[in-house]
Amino acid sequence: MRRIVGSNTPCNLHQSTTAYASAADRSKSKMPQQQLSQGKLRCRLTTLRGTPWDFSAAGLNTDDVGASRRTVQKEQRKTVRVNDPKSRNCILVYTFPYIRSVYRGSIHAVLDPQWYADLVERERPASVHSAEEPREPIAIEDVETDVSEKKVFMADDPETMFGVTLPKLDQETEAEGYYQWHIKTYRDLEERIEGPVFEVGEHKWKILLFPYGNKSASATDHLSAYVDYVRTPDTPSQNRHACAVFSIVAHNVNDPSVYLSQHARHRFSPQENDWGFTRFVHLRSAFSENWEDKDRPLVENDEIVISAYIRIFKDPTGVLWHNFVDYDSKKETGYVGLKNQGATCYMNSLLQSLYYTNYFRKAVYQIPTENDDPHNSITLALQRIFYQLQTADDAVGTLDLTKSFGWDSMDAFMQHDVQEFNRVLQDNLEGKMKNTKADGALNKLFVGKMKSYIKCVDVDYESSRTEDFWDIQLNVKGMKNLQDSFKDYIQVETLDGDNKYFAEGFGLQDAKKGVIFQSFPPVLHLQLKRFEYDMMRDAMVKINDRHEFPLEIDLEPYLAEDADRSQPHIYKLHGVLVHSGDLHGGHYYALIKPEKESGWFKYDDDRVVRATLKEVLEENFGGEAPPTTNGFGVRAPQFQKANNLKFMNAYMLVYVRECMIDEILAPISEDDTPPHIKEQLEKERIELERRRKEMEERHLYMYARVIHTNQYKNHQGFDMGRLEASFPENDVPADEPITMRILKSMTFREFREQIATENGVAPGLVRFWMMVNRQNKTSRPDVPLPAAAEDMTMDQVREKYFQHRTPDVKFFMEVADPSFVEDGVALWPNEQNDGNMLVFVKEFDTEAQTLKGAWYTYVNRMDKVGDIATAIVSKKGWPSNTQVKLFEEIKPGMIEPIKPKQTYHQAEIQDGDIICFQRTLPEKQLADIQQSSGYISAIEYYDFMLNRVRVMFKPRYTDDAQQKEFSLDLSKKNPYSLVASKVAEHLGVDATHVRFTTSNSQTGQPKSVVKQGPGVTLQSMLQPSYVQNPSTQLFYEVLDVSLTELESKKSLKFHWLSEGVTKEEVVEILVIKNGSLQDAIPLLAEKLKLSEDQASRLRMYQVHNNKLYKTVELSYPVASVPDYISLHVEEMPEEEIHIQPNDRKIPVFSFSKEPSRPHGHPFMFVIKQGETFKETKARLLKRTGFKEKEFGKIKFAVVKQASYSKPTYLEDDDVLSQIADEQDDVLGMDHADKTGRTRFSAFERAFQIKG
């Protein structure tokens, strides 16, 4: 297998492909040009304005500026050489094609990169060679040219060629070597030749040439050259691949300065053992007398030297330049990854981190889940994932886990915040661990304590509060490393001057305010605040600044003086969760050290690879990316701007306390794993193996489907049964035909005996009719299978007797009527070909509104059709004068009456046809049936079945416990009034009060209200437009008024907050359109069952995006209420009714971590003058209705409402009236959003898990 350099597509030697550019262009773009000596060169460089170009800032001498010309493809290329007289170095500047004025040149090569870097720094920003920004146009004029000879490189000098042809890479070299192959009589060479084997390091190589081009790659006019990696049976297993940078050099035998080189890099392996250049050099150019302006050809006297220079690099991770085709994580690392469902990489990285925290894994295993459903139990699903990560050979799926969260496919494609996910998951698991062996394990593992304090400087007074933390959020911006972030976190703020602290009993005092840690948990999760709110942009941004973190950190300097220091607080880095991308999207993966003495591994969804310390640390610090060069020290022009920040950096760090690492990472034994998990997964493995084996043996089997008498009689619908999924009645439950998976080699005799025995019938009393698909899309019995088929295999039967060699066979099994049995032998009525036919009879029961198979019988084709009516009346036991109507079921949509006086032959009835009968009822009885929306003729009922659809009706608002889901079988032709009547009848309500809403076929959510009208049918309700896929779901609601009355009113939705802000009830009422909100008060009072006094204290305010928009006066017109505004209603608190003159009100809202992430219900709150915040919180607890435990987790802050800038967090001794003293100040409550309604940014949103 060949690969063409520069392409990721494998190229076989015998396949056509596109090669590189010409050899001449390749050598120019990859090698430094030959050095120019200092000659007497003169030209004048001036700007178009006539002013000399200023080189003085760079220390350059304009007298040493030279120029030369040459013709390239009939256009001139100007080469300008700018010399530095101090260092005797030069820059070559090309303009191609040559024009009299250029805005800037392009740097072709720099012989001394450090000199060039120094030059750029001292000359910036006025250098002729600077590509950072457009310059003033340059006019170049030749004055005098006297170019000295160039210093050349010799291709027969290996040391020079290694430096000239092989670029420097940031990898550790394992070995390097070369081989020079002298080729004579070039024109006599074969189409494919191999050079001698040579060794570089412990690897063997050879040069592979196609002297006249690789014909399989359509390169017949070029020399094709490759490096071939040779493996022999005695090659050590560790040398199964080699990562190498190589160059192929061709030079003139007599003049080594005439040469050509190309280089590439590749991971050589048995699968990709050769790599090189299909179009190494054009043959015509190689034999040309003047090679590259030289006076000699590349191939001279049919001789040339082909050399290979190889530098092999060490591959510590085993995946250097790996294409990951057929990569086996388990085989290479011993570990497996997790499958990505779409955008669940954030979850995968966290789950891997938690899994390798063995103490956590063991605690999860200790939760009882024997009776749980894996689709609804988060714990069971997590246990299964953990056990599969221990035992599986391939990547593990997480679908069961996300299903247990209550997520749908949309959630799997929405990226969430990994820290928020961790908090919600831990909260859920903590509840599941209550009263189990694992009770308290999470607190012991992840929870530390910190103290917030204010300490007076001049008096002995301190106010403090201790609280738990599960993780620590550390600033990145402006911080050099992790230690700086910790110092910033515990930084002390001085309260003095106008900001003095009011100490109870001491008055205003100078004080120190800060946070200090009292204890750190054994496993410490550090969130680096890479995503922050930018006040200038009024948006969230990602911080890509460099921020270093160590493998080991001592956290004692950040502990309080009275903290327990009996054990060292040395923490070892255990995991790094990395985010690669920006605010609008990206990818998460984890770098984890799974065991105490193990190396590091990269867990990137389903792929696990080894990682170096550089990959763990340096590559995830962030900051400026290294300059991109061409491999020879020259930075590419497109990357010359300095501020090229990495978008891949650490987002979350996991540290484990060194003195507890043996306990935290203790190995998991077999006894720690729940037995039922192993049993469940083993059963699933066996079932999966069975299915796999079934798939492998599928070619040996076929399916046989058989309709028998009982199935036909119980079938309600078209045809004889559900053999095909073609007709609308497939939505209606019916008895399935017998379906058997049989060996193709089974004989028909064995098949007949088996199925007869299973149905309790003697094999000799059954006969099988072949079911055929007619042109009218029906499936009917055609002819009995002949006796000659008895000893044929079922595969032979299928091929000989069934149409188009269908993959399976279909039969009708006829059981002989006792009247046709003599001495245990069936005498089939149509065996003698005497005109007897097998026809099937169905009955439409007008009273029961059913259509079912009745029986089958034999008739003679010359008999009158009407004769069957007498047999029907007799068989049904009806009075002899009963009249029946006869119809022929030709196909769905074609049901025709039969003329009784016609013969079966005249009516074109044949074997397998269906005759439907209907008893004639009195006119009054038919009118009653019609009045109750029934069908009075078989033709009408057949039409109903043709258009029948089972519609699922769901309540429009799920908070109404009295309204349930239900389904009805209706016709697509039913008008709106009939659909409403059917639904109203089921609900026991007035049909005029039922309103329908269409369903979005993609999401299943309510879409738009259906307007009643004479032309509206069920079909138009289920599929409002042709571009929309049809749905089988409608939403309904039972209104308090009729639809006619509704048109004069407007529906308003109110959010009733009865217990602070914790309990919400959504109420929708109809208010007269030309009225005011005052008209809604009595309706709300009635629906909410409020007293007259309570109703008089109701207050309304508008909320938009979880922010308080404004208080609404009750005189506000109903018609002016915008649809996008939520109306919140509450009973005005007593403290607001009796507010004191010095008190004032402030808006309060909830947010999660950042003020730009609001959630919950905002409200108004009274600020009392001079009240400490500790007392304020007591009133807030009562006002909000939170439970004390939940309320204790809330942090309070003052936020500027206009910009939602960085919040100012409050302490117990703060006075809110003094801090929130501006008009746009609002009070914020920082706590997690558990509603699942908040969208954080373009690539994450809040969520909830339900299992």
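Analysis parameters
Residues numbered from 1 in each chain as written. Predicted model: local features only at pLDDT ≥ 70, side-chain atom pairs only at ≥ 80, totals over all residues. Heavy atoms only, no water. UniProt positions renumbered as here; feature names shortened; annotations may be inferred. Helix = DSSP H or I, 4+ residues; strand = E, 2+ residues; numbered from the N terminus. Buried < 20%, exposed > 50% of the residue type's maximum accessible area, 1.4 Å probe, protein only. Contact = heavy atoms within 4.5 Å. Areas by Shrake-Rupley, 256 points an atom, 1.4 Å probe, with all protein chains shown as cover. 1 Å grid on protein atoms, 1.4 Å probe; cavity = no way out; pocket = protein on both sides within 12 Å on 5 of 7 lines; lining within 4 Å. Points joined across faces, edges and corners; volume = space filled by probe spheres on them. Nonpolar A, V, L, I, M, F, W, Y, C, P; charged D, E, K, R; others polar. Phe/Tyr/Trp six-rings, centres within 6.5 Å; stacked < 30°, edge-to-face > 60°. Lys NZ or Arg CZ within 6 Å of the ring centre and 35° of its normal. Pairing = 2+ DSSP bridges. Axes fitted to C-alpha atoms, helices over the stretch in contact; angles between N-to-C directions. Expected span 1.5 Å × (residues − 1).

Going by an unreviewed UniProt entry, the chain carries the name ubiquitinyl hydrolase 1 and comes from Saitoella complicata. UniProt, in its Subcellular location (unreviewed entry) section for the chain, records the words "Nucleus". In UniProt, the chain has this text filed under Catalytic activity (unreviewed entry): "Thiol-dependent hydrolysis of ester, thioester, amide, peptide and isopeptide bonds formed by the C-terminal Gly of ubiquitin (a 76-residue protein attached to proteins as an intracellular targeting signal)."

**Student:** Honestly, the overall build of the chain in this entry has me stumped. Any pointers?
**Tutor:** The helix and strand tally for the chain stands at 31 helices and 61 strands. Buried positions account for 50% of the 1251 residues belonging to the chain. Long-range contacts, defined as pairs at least 24 residues apart, comprise 65% of the intrachain contacts of the chain with a sequence gap of at least 6. Carbon and sulfur atoms provide 47% of the accessible area of the chain, an area that totals close to 61,400 Å².

**Student:** Looking at this structure, I do not really get empty space enclosed by the protein. What am I missing?
**Tutor:** Where empty space is left becomes clear once a probe the size of a water molecule has been rolled over the atoms. Tallied over the entire structure, the rule returns seven cavities of 30 Å³ or more. The space that makes up the largest cavity amounts to roughly 110 Å³. Lining the largest cavity are 12 residues, with Gln527, Phe531, Lys1153, Glu1154 and Arg1157 sitting closest to its centre. Elements with a contribution of two residues or more to the lining of the largest cavity: β26 (523-529) and β58 (1154-1167). Sorting elements by how many residues they give to the lining of the largest cavity places β26 first, with three residues. Among the residues making up the lining of the largest cavity, the classes are represented as three nonpolar, two polar and seven charged.

**Student:** Would you mind going over the packing of aromatic side chains with me for this structure?
**Tutor:** This model, assessed by the stated rule, comprises 62 aromatic pairs. Judged by centre distance (6.1 Å) and plane angle (70 degrees), the rings of Trp878 and Phe917 are edge-to-face. Remark: Phe917 occurs in strand β46 (residues 914-919) and Trp878 occurs in the loop between α20 (867-876) and β44 (884-891); sequence separation between them is 39 residues. Trp878 gets classed as buried once you look at its relative accessible area, which sits at 16%. Seen in terms of ring centroids, Phe1149 and Phe1151 are 5.6 Å apart; in terms of plane orientation they differ by 35 degrees. Their pairing is tilted. Here Phe1149 matches Phe1151 in class, with each residue buried. An aromatic cluster of three or more residues is present, and its members are Tyr335, Tyr355, Tyr356, Phe360, Phe386, Phe446, Phe601 and Tyr603. Over the ring of Phe324 we find Arg607; its NZ or CZ atom is 3.8 Å from the centre of that ring.

**Student:** Can you walk me through the environment of Ala242 in this structure?
**Tutor:** Within the fold, Ala242 resides in strand β15 (residues 242-251). Residue Ala242 is classed as buried on the basis of its relative accessible area, which comes to 2%. Between the alpha carbons of Ala242 and Glu174 there is a distance of 9.9 Å; along the sequence they are 68 residues apart. Those residues in contact with Ala242 that sit more than four places away from it in its chain are His203, Trp205, Tyr229, His266, Arg267 and Phe268.

**Student:** Would you explain the sheet that holds strand β38 (residues 779-784) in this entry?
**Tutor:** Hydrogen bonds between backbone atoms are what pair the strands of a sheet, whose relative direction is either parallel or antiparallel. Taken in spatial order, the five strands make up an open sheet running β36-β35-β39-β37-β38, and their pairing is mixed. A strand with exactly one partner marks an edge of an open sheet, and here the two such strands are β36 (738-743) and β38. Neighbouring strand axes in the sheet, compared pairwise and without regard to direction, differ in orientation by 40 degrees on average. Summarising the sheet, strand β37 (residues 766-773) and strand β39 (residues 808-815) pair through five bridges and their orientation is antiparallel. The residue of β39 that forms the bridge with Phe768 is Met813. Against the sheet, helix α18 (residues 748-758) engages β35 (701-707), β36, β37 and β39, with an angle of about 105 degrees to β37.

**Student:** Help me out: how do you make sense of helix α8 (residues 378-391) in this one?
**Tutor:** Every α-helix winds through 3.6 residues per turn, so residues three or four apart in the chain are directed the same way. Its 14 residues place the ends of α8 20 Å apart at the C-alpha level, agreeing with the 20 Å of an ideal helix rising 1.5 Å per residue. Within α8, 11 of the 14 residues are buried, leaving the element largely enclosed by the surrounding structure. Every buried residue of α8 is accounted for by Ile378, Thr379, Leu380, Ala381, Leu382, Gln383, Arg384, Ile385, Phe386, Tyr387 and Leu389. Of the surrounding elements, those touching the buried residues of α8 are α6 (345-355), α7 (358-365), α9 (399-404), α11 (418-432) and α16 (675-696).

**Student:** Explanation requested: the pairing of strand β43 (residues 850-860) in the structure shown.
**Tutor:** If a strand is regular, its side chains alternate between the two faces of the sheet. The buried fraction of β43 is high, at eight of 11 residues. As judged from the 10 bridges shared by strand β42 (residues 836-845) and β43, these two strands associate in the antiparallel manner. For Met837, the partnering residue across the bridge sits in β43 and is Val859. What sits between β42 and β43 in their antiparallel hairpin is a turn of four residues, with Gln849 showing a positive phi close to 55 degrees.

**Student:** How should unusual backbone geometry be read in this particular structure?
**Tutor:** Across the chain, the bulk of peptide bonds are trans and the bulk of non-glycine residues have phi less than zero. Despite not being glycine, Phe324 has its phi angle at roughly 60 degrees, a positive value. Residue Phe324 is classed as partly exposed on the basis of its relative accessible area, which comes to 23%. Of note in the backbone geometry, Glu908 takes a positive phi value of approximately 60 degrees without being a glycine. Looking at the element boundaries, Glu908 is found in the loop between β45 (894-897) and β46. Accessibility expressed as a relative area gives 65% for Glu908, which makes it exposed.

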